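This is what each chain is made of:
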Amino acid sequence: MGKYLSITLKTVFNGSQRLAKSLLNLVSVRKSRLIFLGCFVSALMLPLLFAPVTGSMPLSQASTTELITQGKTFYQNQQFEQAKNTWEKTAQLFANQGDRLNQAMALSNLALAQQQLGQWQAANQTIFQSLNLLENQPQTPEQQRILAATFDIQAQGQLATGQAEAAVNTWQQTIQLNDAIANPVGVMQSRINQAQAWQDLGQYPKACQGLLTALDLKASECQISPAQLENLPLSPSDSLQILGLRSLGNVLRMTGQTEQSQQVLLKALDLAQNIALKNEISQIYLSLGNTARALGNKNSTTQSKLVPPEGVSCVPNQPQNEKFPYYQQAASCYQQAISQASPFNTVKAEINLLALLTQTEQWKEIPTLIPNIQSDLAKLPVNQASLTSQLKLTQELLCLQLLKSTPTLQRGQLAALSPVMQQCPAFQKITQIKNQEDRQPSQSPPLTRTVQFLNTEALASATLPSFQEIEQNTMQVFRQAQQLGDRRNEADALGYLGAIAQQKGDYPQAENYTKQALQRLSAYYFPASAYRWQWQLGRLYRLQNQADSAINAYNLAYQTLQSLRQEIVTTNPDIQYTFRDGVEPVYREYVDLLLQPENPDQETLKKARDIIESLQLAELNNFFQEACLEAQPQQIDQIDPQAAVIYGIVLPERLAVILSVPNQPLRYYATAQSSPSAQGGAIAIEQTVDQLFASLNPFIASLDPLEPKRNLYNWLIRPAEADLAKSQVKTLVFVLDGALRGIPVAALHDGKQYLVEKYNLALTPGLQLLSARSLSLKQSTVLVGGLTEARLGFDPLPSVEKEVKEIASLASAKVLLNETFTRDRLESQMQRQDQDFPIVHLATHGQFSSQADQTFLITWDKRINVKDLDTLLREQNQLTRNPIELLILSACQTAVGDKRAALGLAGVAVRSGARSTVATLWAIQDQSTADFMTEFYQAISNPETSKADALRQAQLALLRSPQYQHPYYWAPFVLIGNWI
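The rules behind these values
- Residues numbered from 1 in each chain as written.
- Predicted model: local features only at pLDDT ≥ 70, side-chain atom pairs only at ≥ 80, totals over all residues.
- Heavy atoms only, no water.
- Disulfide = S-S within 2.5 Å.
- Helix = DSSP H or I, 4+ residues; strand = E, 2+ residues; numbered from the N terminus.
- Buried < 20%, exposed > 50% of the residue type's maximum accessible area, 1.4 Å probe, protein only.
- Salt bridge = Lys/Arg side-chain N within 4 Å of Asp/Glu carboxyl O.
- pLDDT = per-residue confidence, 0-100.
- Contact = heavy atoms within 4.5 Å.
- Phe/Tyr/Trp six-rings, centres within 6.5 Å; stacked < 30°, edge-to-face > 60°.
- Lys NZ or Arg CZ within 6 Å of the ring centre and 35° of its normal.
- Core = buried A, V, L, I, M, F, W, Y, C linked by side-chain atoms within 4.5 Å.
- Polar contact = N/O pair within 3.5 Å; in protein donor to acceptor, adjacent residues only side chain to side chain.

Re the state of the cysteines
Right, so step 1: All told, the structure shown has 3 disulfides when counted by the stated rule.
Right, so step 2: What pairs with C208 in a disulfide is C222, and their sulfur atoms sit 1.7 Å apart. Judged by the sign of its S-S torsion, about 90 degrees, the cystine formed by C208 and C222 is right-handed. Residue C208 is found in helix α8 (residues 204-214), and its partner C222 is found in the loop between α8 and α9 (226-230); the two are separated by 14 residues along the sequence.
Right, so step 3: By relative accessible area, which is 10% here, C222 ends up buried.
Right, so step 4: The disulfide partner of C399 is C424, and the S-S distance across this bridge is 2.0 Å. Its S-S torsion of approximately -90 degrees makes the covalent link between C399 and C424 left-handed. Of the two residues, C399 sits in helix α16 (residues 384-405) while C424 sits in the loop between α18 (419-422) and α19 (426-439), which places them 25 residues apart along the sequence. Of the two residues, C399 and C424, neither departs from the other in class, the shared state being buried.

Overview of the pattern of salt bridges
Right, so step 1: In the structure shown here, the tally under the stated rule is 25 salt bridges.
Right, so step 2: The partner of D750 in a salt bridge is K758, and the shortest N-O contact between them spans 3.2 Å.
Right, so step 3: Exposure remark for K758: the relative accessible area of 26% places this residue in the partly exposed category.
Right, so step 4: A salt bridge links R915 to E885, with the shortest nitrogen-to-oxygen separation between them at 2.7 Å. Pair noted here: R915 is in the loop between α38 (902-911) and β16 (916-920) and E885 is in the loop between α37 (875-880) and β15 (886-894), with a separation of 30 residues, a long-range link.

Quick look at the confidence of the model for the chain
Right, so step 1: For the chain, the average pLDDT comes to 83, and 82% of its residues sit at 70 or higher.
Right, so step 2: The low-confidence segment residues 676-680 (pLDDT under 50) makes 13 contacts with residues lying over four places distant or belonging to another chain.

Some remarks on the packing of aromatic side chains
Right, so step 1: Counted by the stated rule, this structure contains 14 aromatic pairs.
Right, so step 2: Every member of this aromatic cluster is reached through a ring pair, and the members are F693, W922, Y964, Y968 and Y969.
Right, so step 3: Between the NZ or CZ atom of R532 and the centre of the ring of W533, over which it lies, the distance is 5.1 Å.
Right, so step 4: The side chain of R863 reaches across the aromatic face of F856, ending 3.8 Å from its centre.

With respect to the environment of L537
Right, so step 1: Topologically, L537 is positioned in helix α25 (residues 527-543).
Right, so step 2: L537 gets classed as buried once you look at its relative accessible area, which sits at 9%.
Right, so step 3: Along the sequence, L537 and A510 sit 27 residues apart, while their C-alpha atoms lie 8.4 Å from each other.
Right, so step 4: Discounting residues that sit within four places of it in the chain, L537 has contacts with E511, T514, K515, L518 and A553.

Things to note about the nonpolar core
Right, so step 1: Among the nonpolar cores identified, the biggest contains 148 residues, and L724, L732, F734, L740 and F936 are the most heavily contacted of them.
Right, so step 2: Once you skip the residues sitting within four places of it in the chain, L740 turns out to touch G648, V650, L655, I685, V689, L712 and L716.
Right, so step 3: By size, the runner-up hydrophobic cluster in this structure holds 144 residues, among which are L112, W363, C399 and A416.

So, the side chain of Q847
Right, so step 1: Summarising the element assignment, Q847 is placed in strand β12 (residues 839-848).
Right, so step 2: Among the polar contacts listed, one links the side chain of Q847 to the backbone oxygen of Q854, at a separation of 2.9 Å.
Right, so step 3: If near-sequence neighbours (up to four positions away) are discounted, Q847 is found in contact with Q854, T855, F856, Q893 and A895.

Observations concerning the side chain of Q480
Right, so step 1: Locating Q480 in the fold gives a position in helix α22 (residues 467-484).
Right, so step 2: In contact with Q480, other than residues within four places in its own chain, are V382 and L387.

Things to note about unusual backbone geometry
Right, so step 1: The backbone of D216 shows a phi angle near 60 degrees, a positive value even though the residue is not glycine.
Right, so step 2: Tracing the chain through its elements places D216 in the loop between α8 and α9.
Right, so step 3: With phi around 60 degrees, E361 is a residue other than glycine that occupies positive phi space.
Right, so step 4: The exposure class assigned to E361 is buried, which follows from its relative accessible area of 18%.

So this is what it looks like as C-alpha cells:
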C-alpha cells in the first residue's frame with residue numbers, strides 16, 4: 001500500500017494510508033439542532049456537540065451520543081469491524097427517523113470503515129447509497145460540506161482499487177465544492193489527496209504542482225529554494241501543511257530529486273516537532289529513512305561518491321559509517337520512527353529496516369529484529385493494513401531464505417524460481433555471482449566462493465522462520481482476509497502460497513493456489529497484484545511444458561502491464577522490487593515463449609516486435625520516473641521504402657532477430673549462444689560486447705580486434721544479406737535490446753569492410769517517429785552553444801572554437817560561446833517568436849546514464865538535466881509549432897561502468913522533442929570531433945542528402961583519413977530518431 005491519502009476518518013495508525021490531519025467532522029443542521037457524526041476529534045480540535053433528533057422513532061440524546069462515541073472509539077482503536085457494525089446501526093436509526101442528511105453521513109462513515117476492511121464492493125455500494133440521499137436534499141452549505149466529504153471517501157476508494165483517473169476527477173469535485181462553501185481546509189486537503197492520484201498515474205509534475213498549490217508555494221519545475229522553505233506561507237491548517245510537505249518530499253524522492261526531498265522532509269519534521277504531532281513525526285521519519293535509502297542506492301551506482309551533508313541525520317552526533325553513510329542514516333531514521341510508538345508505523349519501519357539490513361548484509365541484527373516484527377504485528381488489530389504488512393514481511397522472509405540457500409542453488413533452480421523470489425533485491429546479485437562462476441571458473445568450490453562473496457556465514461547459522469513457518473503464517477493471513485472480505489490480501493496471500501509451493505517444487509499445488517488468487521482479483525481493480533500472479537502462472541505452465549497455456553498467461557500479464565504503464569513507471573524504495581526485477585522480465589520471457597518455434601508465423605512475429613517496442617517505451621517511462629511517453633507507431637515503408645529495421649532481442653539462450661523490409665513479410669532468425677548457464681545467451685552476448693568495446697580503444701592491443709565486430713555482424717546482419725541486397729536497402733535502422741543497445745553499429749565488420757561502408761545507419765527505441773520535413777542549411781539558422789574552457793569540473797574543449805567557426809561558415813548561426821552559453825541565454829533564444837532554429841548544436845560536455853538525474857549537459861553556469869530538456873528545448877515547438885529538426889550533441893559520453901547508459905541517450909533524444917539527434921557514445925579526441933562536424937555540415941548542406949547519409953559521409957571521411965581511420969574516432973557518432 002503506502003499510497004492512499006485519508007479523507008475524513010482515516011487515522012494515524014494506518015501508515016499504509018496518508019492521514020489528512022485536518023479531519024472533517026460530518027455535520028448536519030436540522031431544525032437548529034446539531035448532530036456531529038465525526039468518528040473522532042478533529043485535528044483542528046473542533047468541539048463535538050450532541051443534541052436529540054426528533055422523528056417517527058424516538059432517538060434519545062444518550063443513545064445518539066453513545067453510538068457516535070462507540071463508532072469513534074472503535075475506529076480510533078482500529079476495530080473496524082465493530083466500527084462498521086456501529087455505523088450500520090446509526091444509519092438505520094436515522095433512516096427510521098427520516099433524517100436523510102444524517103443517514104447519508106452515517107453511511108459515508110460506514111463506507112470508510114468498509115474500505116479499511118478491504119470490503120471495496122460493499123463500500124462502493126454504501127457510497128452510492130449516501131450520494132443518492134444527498135442528491136435529493138436541498139443544496140445548503142451543510143449538504144455541500146457533507147457531499148464534499150462523501151466525494152472524498154469515494155475518491156479514496158477509487159484510488160485504492162486502481163481507478164486513479166476517476167479519483168483525480170472526483171477530488172476535483174471536492175475542491176470545487178469546498179471552494180464554493182469557503183472551506184480552505186477542505187480545499188487544501190483535497191489538493192493533497194489529488195496529488196497522490198496524480199502520482200499513481202505517473203504524472204509527477206502534476207502531483208508536484210498540486211502540492212505546491214496546496215502549500216501556496218510558487219516554484220518552477222518543482223524546485224523549492226531554501227528561502228521558500230524557511231519562509232513558508234501561512235496555512236489554514238498547520239497539520240495539513242506538514243502533511244503536504246511530507247507528500248512533496250515523497251514526490252521529490254520518486255522523481256530522483258533525493259537531496260531536495262531530504263530538505264523538504266526535514267522542514268516538515270521541524271514543524272511537526274514544534275506542535276508535537278507524534279504520529280506525523282513517525283511518518284516523516286519513515287519518509288526520511290526511505291529517502292536516505294534512495295540516496296544510498298544512488299551513491300552505490302555513481303562514480304563520484306556522495307557525502308551526506310551535516311545536520312541531516314535522524315540521530316544527532318552519530319558517528320558516520322564511511323562505507324554506508326546514507327544507509328546508516330536510513331537505519332537511524334527507521335529507528336526513530338519505531339521509537340515514536342505508533343503501532344502501525346512501528347511495524348512498517350521495522351519491515352523497511354529489515355529490508356535495509358538485508359540489502360547491506362547486516363546479517364547479525366536480522367535474527368533479533370524478526371521476532372520483534374512478529375510480536376508487534378500480533379498486537380495490531382486484524383484489518384487490511386495489518387494484513388498487508390504481514391504479506392510484506394512474508395516477501396522479506398522469502399528473500400532471506402533465498403539468500404540463505406544461495407550457495408547450494410543450481411543454475412536450473414534459479415531459472416525455476418517464482419517471480420516473487422526474482423523480485424528480491426538480492427536476485428540480481430545472486431545472478432551476477434552465478435554468471436561470474438560461469439565466466440571465471442576457479443579451483444575453489446562454488447559453494448565456498450558464493451558464501452564468501454555474499455558474506456552469508458552469519459546468515460547461514462542464523463535461526464530464521466522456515467519455509468513451513470512462512471507458509472503457515474501466510475495461510476493464516478489468507479483465512480483472516482477471507483473473514484474480512486478483503487479480496488486483495490486474500491488473493492495476494494494465495495499468490496504467496498503458490499510461490500512457496502513452487503519453491504518446494506510442487507508445481508500442481510502452486511498452480512492451484514495461483515489460479516485461486518486470480519479468481520479473487522479483478523485485473524481492472526487490482527492490476528498491480530494481478531499481473532504478478534498472471535506472470536507466476538505463466539512461469540508455472542512453462543515449467544510444466546504447457547506452452548499454449550503459458551503464452552495465454554503471459555499475454556494476460558503483458559496486457560495488464562500495458563494498462564498499468566502509468567503506475568509502474570517508478571522504482572519505489574517503499575516497495576520490494578525494481579522495474580528491472582519485477583516488470584522487464586515479463587516482456588522478455590513472453591517474447592522468448594513466442595519465438596520458441598523455429599519458424600514463427602507472421603502474427604507471432606508482429607506480436608513479438610510490438611512487445612519489444614512496448615518494453616523500450618516502458619523502460620524510458622521508468623527512466624524518467626514519469627509516464628510521459630506514448631507510442632506513435634509508423635509504417636517504415638511509408639517513411640522510407642529503402643530502409644530496413646533490425647530488431648535485435650537478447651534472450652536467455654539465443655540472440656533473436658526480427659527483420660522488417662518494406663513490402664516483405666517479417667523474417668526471423670536466431671543464433672544459439674553456448675554457455676553452461678541458463679542465461680548463456682545473455683552472458684555470451686555481454687562478453688562479446690565487452691570485447692567489442694575493448695577493441696575500440698586504440699591504446700589497447702588485441703590479437704584479433706575484428707573478432708567481436710565480426711561476431712556481432714554475423715549474428716545481426718549476415719543471415720539477412722541476401723534479402724537486403726534484393727530489396728535494394730540503403731538504410732539499416734536498429735531497434736536494439738539489452739547489452740546491444742549501446743553498441744556502435746557502424747563498427748560491425750563482415751570480414752572485408754565495416755557496416756558503415758555499406759549502409760546508412762540509424763538507431764531508434766522504436767518506431768515512435770516524428771515525420772521529417774525538408775532541411776536546408778541555406779534557409780536555416782543554427783543555434784550553436786559551446787564551451788572551450790574547463791567548467792563545472794570538466795576539461796576544456798579547445799577545438800570547439802574551430803568547430804563553431806566552421807559551422808558559422810557553412811550556415812547562418814546564432815552562437816553562444818563560453819560565458820554567453822548559459823542556461824538562461826539558451827532558453828531565451830528558444831523562446832524567440834521571430835526566430836526558428838531547425839538545428840540546435842551543443843558542443844559541450846554531457847553524460848548519458850541509466851539514471852535520469854545523472855544524465856545531463858553542461859553550460860557555462862550549470863547543468864541541464866535531461867528532464868529539463870522538455871521545458872527548455874520544446875519551447876520552440878510550443879511557440880512556432882515546429883519541433884527541432886536536428887539536435888547535435890558533439891562532446892557527450894556514456895557514464896563509465898554503466899552498461900545501461902544508452903537509456904540516457906535515448907532519453908535525451910526523446911525528451912528534447914527533436915525529430916533526430918546526433919550524439920556520441922564516448923568522449924573522443926577534441927580535434928577529430930571538429931573535423932567530423934565540418935564534414936557532416938558540408939554533407940547536409942545538400943538538400944538531397946538525408947541525415948543518415950550525411951552522418952555516413954562524415955564517418956567515411958574520417959575512416960579514410962590516415963589520422964582517424966581507427967573506429968575509435970568515427971564509430972561513436974550515432975543518429976537516433978528520424979533518419980530522413
